[in-house]
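Each chain, written out:
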Amino acid sequence: MIYSDIAIVGVIFAVFFDLYGVKTALLSKSVFWTSYAIIVPFQLITNWWLTSRGIVTYSPDAIIGTRIAGAPIEDLLFGFALVLSTMSLWVYWGRKGIQPKN
Amino acid sequence: MLKFGYLAMLTFTVVGSFWLELVLKIKVLKRIKRALMSIIPVAIPFLIWDAYAVANGHWKFDPDQILGIYGPFSIPLEEYLFFLIVPMAAIMTIEGVRSVKKHWPVGDEKR
């Protein structure tokens, strides 16, 4: 279950980072949830590729065992944390005036 | 061909996202400094996690389906590329949505 534990910590960290760290509050914005809804199907496809072919294999002891499209459910938590943290930082730098669009 | 298994997934992600740069003119690649400043600080803790997980056998990569090039901490090259390409795709996605839904606030608009 260790993957599960770290993945949950990752999500909690990403949520705090967005809401209280860089205060981008993407979690309250349509632009984030729409983007995430676009990303998830692609994540499921790529996860399926990596897991069904055995490119990546997981120790049964590290996961709770629930799988979606072949991949451990923990991967969705991991992906959410990765995507939210990166987008929050992207918006944060933009707000600071680092390479705004025009 | 088997050794390109992981690389194929990364290629798919690049193809699936980088077209937004051309079609929707999102200019993420033109703002590479901001992109890397967003990607690298996030990638570092994830790669530390990766190294820890690999070292402890939480997950492993099939040596036949990767190029066989390893970076620090016995992490395959593909895995390093993953933490560059996937976050880049995420940034391109949010910028793509923004370019279509121009009235939706993102949080970095000029005030």
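Residues numbered from 1 in each chain as written. Chains lettered and ligands numbered in written order. Predicted model: local features only at pLDDT ≥ 70, side-chain atom pairs only at ≥ 80, totals over all residues.

Some words on the environment of Gly71(B)
Residue and element names in this part refer to chain B. The criterion, for reference: Working definition: helices are DSSP H or I runs of at least four residues, strands are E runs of at least two. Numbering for both runs from the N terminus. With C-beta atoms placed from the backbone, a residue is labelled by how many other C-beta atoms lie within 10 Å of its own: buried for 20 or more, exposed for 12 or fewer, partly exposed between the two. Our contact criterion uses C-beta atoms placed from the backbone: two residues qualify when those atoms are within 7 Å.
Tracing the chain through its elements places Gly71 in the loop between strand 1 (59-61) and helix 3 (77-100). Under the C-beta neighbour-count criterion, Gly71 is labelled partly exposed, with 14 such atoms within 10 Å. When sequence neighbours within four positions are dropped, the list of residues in contact with Gly71 reads Leu77 and Tyr80.

Let's talk about the nonpolar core
For clarity, the threshold we go by: In this usage, the nonpolar core is the set of buried Ala, Val, Leu, Ile, Met, Phe, Trp, Tyr and Cys residues whose C-beta atoms join them within 7 Å.
Counting residues in hydrophobic clusters, the biggest one holds 41 residues, and the most contacted among them are Met87(A), Ala90(B) and Ile91(B). Counting only elements with at least two residues in this core, the list comes to helix 1 (2-21), helix 2 (30-52) and helix 3 (74-95) of chain A together with helix 2 (32-55) and helix 3 of chain B. Element by element, the count of residues in this core is highest for helix 3 of chain A, at 12 residues. Excluding residues that lie within four positions of it along the chain, Ala90(B) makes contacts with Ile39(A), Val83(A), Thr86(A) and Met87(A). Val56(A), Tyr6(B), Phe61(B) and Ile66(B) belong to the second largest nonpolar core, which has seven residues in total.

A short note on the packing of helix 3 of chain A against helix 3 of chain B
We count it as follows: To obtain each axis, a line is fitted to C-alpha atoms, and for helices this fit is confined to the stretch in contact; angles are then taken between N-to-C directions over 0 to 180 degrees. Orientation labels follow simple angle bins: below 35 degrees gives roughly parallel, above 145 gives roughly antiparallel, 65 to 115 gives roughly perpendicular, and whatever is left gives oblique. Two helices that cross are described as forming a left-handed crossing if the nearer one is turned anticlockwise from the farther one by less than a right angle, and a right-handed crossing if clockwise.
Their axes nearest at 9 Å, the elements helix 3 of chain A and helix 3 of chain B cross at an angle of 60°. Accordingly, the angle class assigned to the pair helix 3 of chain A and helix 3 of chain B is oblique. Crossing of helix 3 of chain A over helix 3 of chain B shows right-handed handedness. Here Leu82(A), Val83(A), Thr86(A), Met87(A) and Trp90(A) of helix 3 of chain A come into contact with helix 3 of chain B, specifically with Val86(B), Pro87(B), Ala90(B), Ile91(B) and Ile94(B).

Here we look at the environment of Lys30(B)
Residue and element names in this part refer to chain B. Here Lys30 lies in the loop between helix 1 (5-23) and helix 2. The partly exposed category is assigned to Lys30, around which 13 C-beta atoms lie within 10 Å. Linking Lys30 and Ile40, residues 10 residues apart in sequence, is a C-alpha distance of 17 Å.

Some remarks on the interface of chain A and chain B
Many authors give the size of an interface as the accessible area that is lost as the parts come together. Worth spelling out the cut-off: When residue character is reported, Ala, Val, Leu, Ile, Met, Phe, Trp, Tyr, Cys and Pro are called nonpolar, Asp, Glu, Lys and Arg charged, and the others, Gly included, polar. Think of it this way: DSSP has to see at least two bridges between two strands before they count as a pair.
Taken together, the contact between chain A and chain B spans 41 residues of the former and 40 residues of the latter. Here the residues of the side of chain A that touches chain B sort into 25 nonpolar, 12 polar and four charged. Sheet topology places strand 1 (residues 56-58) of chain A next to strand 1 of chain B; three bridges connect them, and they run antiparallel. Within strand 1 of chain B, the residue paired with Val56(A) across the bridge is Phe61(B).

By themselves these figures say nothing about function.
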